[in-house]
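Notes for the structure review
Chain residues, written in single-letter form:
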Amino acid sequence: MARRLNPWRWVVLGLAALYFLVPLAASVIFTVDVPGQGVTFDAYSQIVSTEGFGSSLLLSLELAAATIALVLLLMVPAMVALRLGAPRLRPVVEMLCSLPLVVPPIAFVAGIATVLKWGPEYLSRTPLFETFVAIQNPSFPFVLVLAYVVMALPFVYRALDSGLRAIDVRTLVEAARSCGAGWPQALLRAVLPNLRGALLNASFLTLALVLGEFTVAQLLGFQPFAVWIYSVGGSQAQLSVAVSVLSLLVTWALLLALAGLGGRDRTASSRG
């Protein structure tokens, strides 16, 4: 049976590769093949010198790092506590974390915009007014981090839940506590090292979401990398496609870097 299924596996993998690689190859050909000039890489050489490239890419990377840190800081202790103290609430938490998949991004960002407009009107004489101004700072719009945390909840929950199912959390925590560790030490030294794969998967998904998210940032008036690509594409189509190809390669490089970091950590821990 395994021998019969093996050819079909390669067929499926080949079709999947064609599905992803053919559009990518067509995009690359569009960027380098200029009618009347032949093959040229001017579109790629212009990317670095184009206004807004470096600042928008750096902003997206900063937003991604802050989102990953915040969502993991919220979800890891919550899910460990849920597994140890209230396993019956797991369906409720799963349903709440899955809600962002059902709410359309347009409705989500419309709610955020309504709150941001309502705040300064009614809180102008309170200390919270400065908070509303600070989270909308264009140099680092923290409101986008909050929105991305909500949007990443379904993916982070699934990744962490599968990781927690693969280990005996209660035994690890009780063993650490019996050795004199407090609750924070038990979480950091006993649970997190065994969740390395789940943490990396959650970071992968969150990074990909933040780098590719467009709707929320565009409607709120900020310009991370995805919005900058759209603004460039309005006047320079070839340059826009070249930037899209480059952004895809950058995303893959970052994901491979995270995967390599996780692989080195696992190798070091196995040797130790």
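Sequence positions are assigned chain by chain, starting from 1 and proceeding in written order. Predicted model: local features are reported for residues with pLDDT of at least 70 only, side-chain atom pairs are reported and counted for 80 or more only, and whole-chain, interface and lining totals are derived from all residues. Where side-chain values are given, they derive from all heavy atoms of the structure, hydrogens and water being excluded.

1. Some thoughts on the overall build of the protein chain
For the purposes of this entry, the term helix denotes a DSSP run of H or I that reaches at least four residues, the term strand denotes a run of E that reaches at least two, and both are numbered from the N terminus. Of regular secondary structure, the protein chain possesses 13 helices and two strands. Each of the 272 residues in the protein chain was classed as buried or not, and the buried ones make up 34%. Here the contacts in the protein chain between residues at least 6 apart in sequence split such that 77% fall between residues at least 24 apart. Reported accessibility uses the Shrake-Rupley method at a 1.4 Å probe radius. Residues are deemed covered only where the shown protein chains occlude them. When the accessible surface of the protein chain is split by element, carbon and sulfur atoms take 68% of a total near 16,300 Å². Counted as positive: Lys and Arg. Counted as negative: Asp and Glu. His and the chain ends are not counted at all. Charge positions are represented by NZ for Lys, CZ for Arg, CG for Asp and CD for Glu. Of the charged side chains in the protein chain, 17 are positive and 12 negative; the average position of the first set lies 17 Å away from that of the second. The buried label applies to any residue whose accessible area, calculated with a 1.4 Å probe on protein chains only, is under 20% of its type's maximum; exposed applies above 50%, and partly exposed to all values in between. Contacts: residue pairs with any heavy atoms within 4.5 Å of one another.

2. Looking at helix H7 (residues 142-165)
By definition here, a helix of n residues has an expected span of 1.5 Å times n minus one. Between its first and last C-alpha atoms H7 spans 33 Å; for 24 residues at 1.5 Å apiece the expected length is 34 Å, and the two agree. Take the seven residues that end at a residue and the seven that start at it, fit an axis to each, and the angle between those axes is the bend at that residue. At Leu-153, H7 shows its largest kink, close to 50 degrees, and the proline Pro-154 lies no more than four residues downstream. Within H7, 17 of the 24 residues are buried, which leaves the element mostly enclosed by the surrounding structure.

3. Considerations on the packing of helix H5 (residues 105-122) against H7
For any two helices packed against each other, one specifies the crossing angle of their axes together with the interaxial distance. Inter-axis angles, ranging from 0 to 180 degrees, are taken between N-to-C directions of lines fitted to C-alpha atoms, where helices are fitted over the stretch in contact. Put simply, H5 and H7 touch, their axes get as near as 12 Å, and they point 145 degrees apart. As H5 packs across H7, the resulting crossing turns out to be right-handed. Where H5 abuts H7, its residues Phe-108, Ile-112 and Leu-116 lie against Val-143, Ala-147, Val-150 and Met-151. Crossings are sorted by hand: turned counterclockwise from the far helix by less than a right angle, the near helix makes the crossing left-handed, and turned clockwise it makes it right-handed.

4. What about the pattern of salt bridges?
Any carboxyl oxygen of Asp or Glu within 4 Å of a side-chain nitrogen of Lys or Arg constitutes a salt bridge here. By the definition in use, this model includes four salt bridges. Notably, a salt bridge pairs Arg-90 with Glu-94, separated by 3.8 Å at the nearest N-O pair. Taken together, the positions of Arg-90 and Glu-94, both in helix H4 (residues 90-102) and four residues apart, correspond to about one turn of that helix. Linking Arg-158 and Glu-94 is a salt bridge whose minimum nitrogen-to-oxygen distance equals 2.8 Å. Linking Arg-158 in helix H7 with Glu-94 in helix H4, this pair joins segments that are 64 residues apart in sequence. Look at Arg-158 and you get partly exposed, because its relative accessible area is 45%. Relative accessible area serves as the criterion here: at 19%, Glu-94 is assigned to the buried category.

5. Here we look at the environment of Phe-225
Position of Phe-225 relative to the elements: it lies in helix H12 (residues 225-233). Overall, the relative accessible area of 5% leaves Phe-225 in the buried class. For the pair Phe-225 and Leu-58, spaced 167 residues apart in sequence, the C-alpha to C-alpha distance is 8.1 Å. When residues no more than four places from it in sequence are discounted, the contact partners of Phe-225 are Phe-53, Ser-56, Leu-57, Ser-60, Val-243 and Ser-247.

6. Focus: a nonpolar patch on the surface
Note that patches include only residues with greater than 30% relative accessible area and no salt bridge, and the join distances are 9 Å for like charges and 5 Å for nonpolar side chains (Val, Leu, Ile, Met, Phe, Trp, Tyr). Together, Leu-89, Val-92, Met-95, Leu-96, Leu-99, Leu-101, Val-102, Val-103, Phe-155 and Leu-205 make up an exposed nonpolar region whose accessible area comes to about 910 Å². In terms of residue count, the dominant contributor to the nonpolar patch is H4 (six residues). Along the chain, the position of Val-102 falls in helix H4.

7. Structural notes on the confidence of the model for the protein chain
In predicted models, pLDDT denotes the confidence assigned by the predictor to each residue on a 0 to 100 scale. Averaged over every residue, the pLDDT of the protein chain is 82; the share at 70 or more is 91%. Between the elements of the protein chain, mean pLDDT differs from a low of 69, seen in helix H13 (residues 237-271), to a high of 93, seen in H7.

8. Some points on the environment of Ala-237
Position of Ala-237 relative to the elements: it lies in helix H13. Residue class for Ala-237 comes out partly exposed when judged on its relative accessible area of 44%. C-alpha separation for the pair Ala-237 and Thr-31, spaced 206 residues apart in sequence, amounts to 9.0 Å.

9. Describing the side chain of Glu-213
Positionally, Glu-213 belongs in the loop between helix H10 (196-212) and helix H11 (215-220). Among buried charged residues, Glu-213 stands out as having no salt bridge; its nearest opposite-charge side chain is Lys-117, 17 Å away. Identification of polar contacts relies on pairs of N or O atoms within 3.5 Å, with a donor-acceptor requirement for protein atoms, meaning one able to donate a hydrogen and the other able to accept it, and with residues adjacent in sequence counted only if both atoms are side-chain atoms. Within the structure, the side chain of Glu-213 is placed 2.9 Å from the side chain of Tyr-148, a separation counted as a polar contact. Engagement of the side chain of Glu-213 in a polar contact is seen with the backbone nitrogen of Ala-217, the distance being 3.4 Å.

10. Some thoughts on the side chain of Thr-206
Within the secondary structure, Thr-206 sits in helix H10. Here Thr-206 falls in the buried class, since its relative accessible area comes to 1%. What Thr-206 contacts, discounting residues up to four positions off in sequence, is Thr-67, Ile-68, Val-71, Ala-152 and Val-156.

11. Thoughts on helix H9 (residues 183-191)
All of the buried residues in H9 are Ala-186, Leu-187, Ala-190 and Val-191. Within H9, the buried residues cover an arc of 110 degrees as seen down the axis, which keeps them to one side. Among the exposed residues of H9, those oriented more than 90 degrees off its buried face are Pro-184, Leu-188 and Arg-189. By arc we mean the arc of the directions from the helix axis to the C-beta atoms, nothing more.

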